[in-house]
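Chains, contacts and geometry: an overview
One letter stands for each residue in the lines below.
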Amino acid sequence: MSGSVSYHAGLSAEAIVERSYLGRGYSIAERRYRTRHGELDLIAQKDGQTVFIEVKKSATHARAAERVSPRQMARLYNCASMFLASQPSGQETDSRFDVALVDASGQLSILENALAA
């Protein structure tokens, strides 16, 4: 996949995921939240909880899930920590990490609390 095609496929996948969270009553606090550590695709909030969402798109959900590496998880944690520092409750903010998998046909599977220790 060329860089441009991959970029637009990623945007499309993020839009699918965003609509799903909005449909379940979440608000989107940030899209493509960038820090010196990397980027969080989406940050959603509902009922005092913050959800950091990593979006992965591939031919199948299984292949998409394989693309979340330990190194990337560390970057996600660091980005989330920076976001939480800006919140009223700081690091004590109720939060979780979801991984949203989008396959080639646009079907979505969300793994809630996917990066829990």
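Let us look at the structure shown here. In this text the structure is predicted, and so the values were computed from the model without any measurement.

Some thoughts on the packing of aromatic side chains
Tallied over the entire structure, the rule returns five aromatic pairs. Summarising the aromatic geometry, the rings of Phe52 and Phe83 are spaced 5.9 Å apart at their centres and angled 85° between planes, so their arrangement reads as edge-to-face. Highlighted residues: Phe52 in strand E3 (residues 49-57) and Phe83 in helix H3 (residues 70-85), separated in sequence by 31 residues. Here Phe52 matches Phe83 in class, with each residue buried. Grouping aromatic residues by their ring pairs yields a cluster made of Tyr33, Phe52, Tyr77, Phe83 and Phe97. Stacked on the ring of Tyr26, the Lys or Arg Lys46 has its end atom at 5.2 Å from the ring centre.

A look at the sheet that holds strand E4 (residues 95-102)
Read across the sheet, five strands follow the order E1-E2-E3-E4-E5 without closing on themselves; strand pairing throughout is mixed. Strands with a single pairing partner mark the edges of an open sheet, and in this sheet they are strand E1 (27-35) and strand E5 (108-111). Between one strand and the next, the sheet's axes are offset by a mean angle of 30°, whatever the strand orientation. Here E1 runs beside strand E2 (residues 38-46); their pairing, made up of seven bridges, is antiparallel. The partner of Ser27 across the bridge, within E2, is Gln45. Helix-sheet contacts for H3 involve E1, E2, E3 and E4, and the interaxial angle to E2 is about 55°.

Regarding the nonpolar core
Where a protein is soluble and globular, its nonpolar side chains tend to be buried together. Judged by nonpolar contacts, the single largest core of 15 residues is most densely connected at Leu40, Ile43, Phe52, Phe83, Phe97 and Leu115. Elements supplying a minimum of two residues to this core: E2, H3 and E4. In terms of residue count, H3 provides more of this core than any other element does, five residues in total. When neighbours within four sequence positions are excluded, Phe83 is seen to be in contact with Ala29, Glu30, Tyr33, Ile43, Gln45, Thr50 and Phe52. With 13 residues, the next largest nonpolar core counts Tyr21, Tyr26, Ala44 and Val55 among its residues.

Rules behind the numbers
Residues numbered from 1 in each chain as written. Predicted model: local features only at pLDDT ≥ 70, side-chain atom pairs only at ≥ 80, totals over all residues. Heavy atoms only, no water. Phe/Tyr/Trp six-rings, centres within 6.5 Å; stacked < 30°, edge-to-face > 60°. Helix = DSSP H or I, 4+ residues; strand = E, 2+ residues; numbered from the N terminus. Buried < 20%, exposed > 50% of the residue type's maximum accessible area, 1.4 Å probe, protein only. Lys NZ or Arg CZ within 6 Å of the ring centre and 35° of its normal. Pairing = 2+ DSSP bridges. Axes fitted to C-alpha atoms, helices over the stretch in contact; angles between N-to-C directions. Contact = heavy atoms within 4.5 Å. Core = buried A, V, L, I, M, F, W, Y, C linked by side-chain atoms within 4.5 Å.

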